[in-house]
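Structural overview
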Amino acid sequence: IAKMNIQVLPEHKLSSVAPLKQFNMEKKEVELILVKEQNGVHPGSADDVVRETWGKKLDFLLSVIGFAVDLANVWRFPYLCYKNGGGAFLIPYVLFLVIAGMPLFYMELALGQFNREGAATVWKICPVFKGVGYTVIIIALYVGFYYNVIIAWSLYYLFASLTSELPWLGCKHSWNSPNCTEPQHINGTILGNRTSYSKFKNTPAGEFYERGVLHIHESRGIDDLGLPRWELAICLIVVVFILYFSLWKGVKSSGKVWIDAATQIFYSLGAGFGVLIAFASYNKFENNCYRDAILTSTINCVTSFISGFAIFSVLGYMANQHQVNIKDVATEGAGLVFIIYPEAISTLPGATFFAIVFFIMLLTLGIDSAMGGMEAVITGLSDDFKILKRNRKLFTFIVAFGTFLMALLCITNGGIYVLTLLDKYAAGTSILFGVLIEAIGVSWFYGVDRFSEDIERMTGFKPGIYWRLCWKYVSPTFLLFVVIASIVTSGELRYDDYVFPDWSNIVGWFIALSSMLCVPIYAIYKFLTLPGTFKERTAYCITPEHEYHMVMEGNVRQYKVRQCKRYNYNYSLPICI
């Protein structure tokens, strides 16, 4: 079918086409066959297996929202907003949401839904870029190594909350140091001018986290890890089993201100992890992915705003309690949700109840996001290697068990240093680089006009000029700026007062490069393994696989140059406005 110039006619003319009348197919069914042909799947072949779809539309929406709304909405966005001027931060945040976050979110949903493939095999549309699929799969795997540990901490805190008196109350416990100070005795005078309350770790809540849970006082640094903590190991096993049994059957079961705003958009929405492509690949062909992109990205950002109000009402309360400025209690990351917030909860009537509710919330936020990341790995690789798809249960177990083994490094006495290293390098610059290459591959090599036609075949309408301009010009330019800025502004790695040795930064960049290098390595491999002259190999690299016969005929659409006075949607690369 792909080699024949078959035109899908309007429904009222279908009766005049004998083959279509014989099979009594609707327009969307015909287009789905064409899509299968484009992906190299011929009706009746061994690979013509009906792809699993979501049981209900709500399942897909909740899965995407659950992945996008994660711990970053709670512990990162409110602090960044405060640190960078409060309301002023919302200006670049909303701007980058509109020009980059939502367009790329929409692009990934449409890309996965139309091609019905995972993050790697979706690049049949432009084979030379398949390496970026492996990049995002590796990043998702790296993030799973340490993200599951944070969920395990939440589970540990939940179990610890099941008592009449919360364990982070008072200095009488075995893990407390002689320097432990009751919160009611801490104020601005005791802290002095150089220490903020958020950095004062000798409170009962601070010592429970660092000495009772992490045992960080028993490690000298990243070169002195020790053995895994058995209590955290049990919690980690529970988390991994939850993920496994949820996934084994598939889806049915100033300048700096601007950089912070830009990176938060991608960390929050989740573009570039391969998750959106994986989830969307299980949608029905005619699903309205445009509406989904607008709805889910809006819900995610509104959730960030709401969490900001909730977090800072607590921080304001803590500042008032200790007679300090709010800047002294404002913090981000684990210190916020495992020290400051638990301490605030402990002062409330019915503290045990609110602690249980809070850590259940953290668990649900973390589990949803972890499931999305693991699904991106499983779908991405199983679509590429059919033996993995045929043995999905076993493959899911291997992935889950592998992440468990690597996560053990993060629950040792010095595990917090390993986690900090992975958090900085595993999905920092590399995820921004992956999204940049993805945007270039779709917009400049596959072509915005052709991509718009794909969306029209699914939804019945073409994306507007705004989306096309963002995909081709605005978003790639923005991403290039952010990638360069993230490299230039990358400073030394620290955890509180501990400065990481130089070798650990080298290891960190090696981790980052191990995913990013998949792009050039696969491109070189693809070029060298293709037949023909230099020009023919280049043509094969940038031509969708179902159009390889056109390369043999010397008819390569990317090599064509055309002139036009108005916009139209043919298959040549340039976009005409």
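Bear in mind the structure is a predicted one, so any value in this text is a computation, not a measurement.

**Here we look at the overall build of the protein**
A count of helices and strands for the protein gives 24 helices and two strands. Summed over its atoms, the accessible surface of the protein is roughly 25,100 Å², and 64% of this surface lies on carbon and sulfur atoms.

**Quick word on the UniProt feature "binding site: Na(+)" (unreviewed entry) in the protein**
Here, UniProt's "binding site: Na(+)" (unreviewed entry) annotation points to Gly-66, Ala-68, Val-69, Asn-73, Ser-268, Asn-300, Leu-365, Asp-368 and Ser-369. The residue Val-69 is located in the loop between helix H3 (57-68) and helix H4 (71-75) in this model. Val-69 has contacts with Asn-300, Thr-303, Leu-365 and Ser-369, leaving out every residue within four places of it along the chain. Within the secondary structure, Leu-365 is located in helix H15 (residues 351-384). Excluding residues that lie within four positions of it along the chain, Leu-365 makes contacts with Gly-66, Val-69, Asp-70, Leu-71, Val-74 and Tyr-147.

**What about the state of the cysteines?**
Enumeration over the complete set of coordinates arrives at one disulfide. Linked covalently through their sulfurs, Cys-171 and Cys-180 form a disulfide whose S-S length is 2.1 Å. Residues Cys-171 and Cys-180 are joined through a disulfide that is left-handed, its torsion about the S-S bond being -70°. Unpaired in this structure, Cys-541 has its nearest cysteine sulfur neighbour in Cys-126, at a distance of 8.4 Å.

**A word on the pattern of salt bridges**
One pass over the full model with this rule turns up 13 salt bridges. Of the charged contacts, one joins Lys-172 and Glu-165 as a salt bridge, the two residues approaching to 2.9 Å between their closest N and O atoms. The exposed category is assigned to Lys-172, whose relative accessible area is 61%. Because the salt bridges share partners, they merge into one network encompassing Lys-201, Glu-210 and Asp-496.

**Digging into the nonpolar core**
One finds Trp-153, Tyr-209, Phe-338, Phe-359 and Phe-451 to be the most contacted residues of the largest nonpolar core, which totals 176 residues. For this core, the element with the most residues is helix H7 (residues 130-160), which contributes 21 residues.

**Here we look at the confidence of the model for the protein**
Detail in the predicted coordinates should be disregarded across regions flagged by low pLDDT. Put simply, the protein has an average pLDDT of 81, and 82% of its residues get 70 or more. Within the protein, no element has a lower average pLDDT than helix H1 (residues 18-23), which sits at 38, and none a higher one than helix H22 (residues 518-529), at 95. Under a pLDDT of 50 for its full length, residues 39-48 has, in the predicted model, twelve contacts with residues more than four places off or in other chains. Overall, residues 561-577 carries pLDDT values under 50, and its contacts beyond four positions in sequence, including any with other chains, amount to 43 contacts.

**Looking at the packing of H7 against H22**
Between H7 and H22, the least distance of the axes is 7 Å, while the angle of their chain directions is 145°. Between H7 and H22 lies a crossing whose hand is right-handed. Together, Lys-130, Gly-131, Val-132, Tyr-134, Thr-135 and Ile-138 of H7 and Cys-518, Val-519 and Tyr-522 of H22 make up the contact between the two elements. Of the residues assigned to the contact of H7 with H22, the class counts are six nonpolar, two polar and one charged.

**A short note on the packing of aromatic side chains**
Summed over all chains, the structure comprises 44 aromatic pairs. Each ring, one from Phe-353 and one from Phe-354, has its centre 5.3 Å from the other, and the planes form 75°; the classification is edge-to-face. Taken together, the ring pairs in this structure connect Trp-153, Tyr-156, Tyr-157, Trp-168, Trp-175, Phe-208, Tyr-209, Phe-338, Tyr-341, Phe-358 and Phe-359 into an aromatic cluster. Sitting above the plane of the Trp-444 ring, Lys-472 keeps its charged end 4.3 Å from the centroid.

**Focus: unusual backbone geometry**
Where the residue is not glycine, phi is negative for most of them; where a peptide bond is considered, it is trans in most cases. The phi dihedral of Arg-116 falls on the positive side, at around 55°, and the residue is not glycine. With respect to the element layout, Arg-116 can be found in the loop between helix H6 (87-115) and H7. We classify Arg-116 as buried; its relative accessible area is 14%. Positive phi outside glycine occurs at His-215, with the angle close to 55°. Mapped onto the elements, His-215 comes out in the loop between helix H9 (204-213) and helix H10 (230-247).

**Re the packing of H15 against helix H17 (residues 392-407)**
Look at H15 against H17: their axes get within 11 Å of each other, and the N-to-C directions meet at 135°. Viewed along their axes, H15 and H17 adopt a mutual orientation that is oblique. H17 is crossed by H15, and the crossing has right-handed handedness. Touching Met-374, Glu-375, Val-377, Ile-378, Thr-379, Leu-381 and Ser-382 of H15 are Arg-392, Phe-395, Thr-396, Val-399, Ala-400 and Thr-403, all from H17. Partitioning the contact of H15 with H17 into residue classes produces seven nonpolar, four polar and two charged.

**Some points on a nonpolar patch on the surface**
Together, Val-94, Val-98, Trp-444, Ile-465, Tyr-466, Leu-469, Tyr-473 and Val-474 line one region of the surface with nonpolar side chains, adding up to about 590 Å² of accessible area. Of all the secondary structure elements, the ones that give two or more residues to the nonpolar patch are H6 and helix H20 (465-488). Along the chain, the position of Val-474 falls in helix H20. For Val-474, a relative accessible area of 33% corresponds to the partly exposed category.

**Description of the side chain of Ser-219**
With respect to the element layout, Ser-219 can be found in the loop between H9 and H10. Owing to a relative accessible area of 9%, Ser-219 belongs among the buried residues under this scheme. Within polar-contact distance, the side chain of Ser-219 engages the backbone oxygen of Asp-224 at 2.6 Å. Not counting chain neighbours up to four residues away, the residues in contact with Ser-219 comprise Asp-224, Asn-413, Gly-414 and Tyr-417.

**With respect to the side chain of Lys-130**
For Lys-130, the location among the structural elements is in helix H7. Those residues in contact with Lys-130 that sit more than four places away from it in its chain are Ala-120, Trp-123, Asp-384 and Tyr-522.

**Quick notes on helix H19 (residues 429-459)**
The end-to-end C-alpha distance of H19, which contains 31 residues, comes to just 34 Å, noticeably less than the 45 Å that a straight helix rising 1.5 Å per residue would cover. At Gly-447, H19 shows its maximal kink, close to 100°. Buried residues dominate H19, accounting for 27 of its 31 residues.

What counts, and where the lines are drawn
Residues numbered from 1 in each chain as written. Predicted model: local features only at pLDDT ≥ 70, side-chain atom pairs only at ≥ 80, totals over all residues. Heavy atoms only, no water. Helix = DSSP H or I, 4+ residues; strand = E, 2+ residues; numbered from the N terminus. Areas by Shrake-Rupley, 256 points an atom, 1.4 Å probe, with all protein chains shown as cover. UniProt positions renumbered as here; feature names shortened; annotations may be inferred. Contact = heavy atoms within 4.5 Å. Disulfide = S-S within 2.5 Å. Salt bridge = Lys/Arg side-chain N within 4 Å of Asp/Glu carboxyl O. Buried < 20%, exposed > 50% of the residue type's maximum accessible area, 1.4 Å probe, protein only. Core = buried A, V, L, I, M, F, W, Y, C linked by side-chain atoms within 4.5 Å. pLDDT = per-residue confidence, 0-100. Axes fitted to C-alpha atoms, helices over the stretch in contact; angles between N-to-C directions. Left-handed = near helix turned anticlockwise from the far one by under 90°. Nonpolar A, V, L, I, M, F, W, Y, C, P; charged D, E, K, R; others polar. Phe/Tyr/Trp six-rings, centres within 6.5 Å; stacked < 30°, edge-to-face > 60°. Lys NZ or Arg CZ within 6 Å of the ring centre and 35° of its normal. Parallel < 35°, antiparallel > 145°, perpendicular 65-115°, else oblique. Patch = residues over 30% accessible without salt bridge, like charges linked within 9 Å, V, L, I, M, F, W, Y side chains within 5 Å. Polar contact = N/O pair within 3.5 Å; in protein donor to acceptor, adjacent residues only side chain to side chain. Expected span 1.5 Å × (residues − 1). Bend = angle between axes of the 7 residues up to and from the residue.

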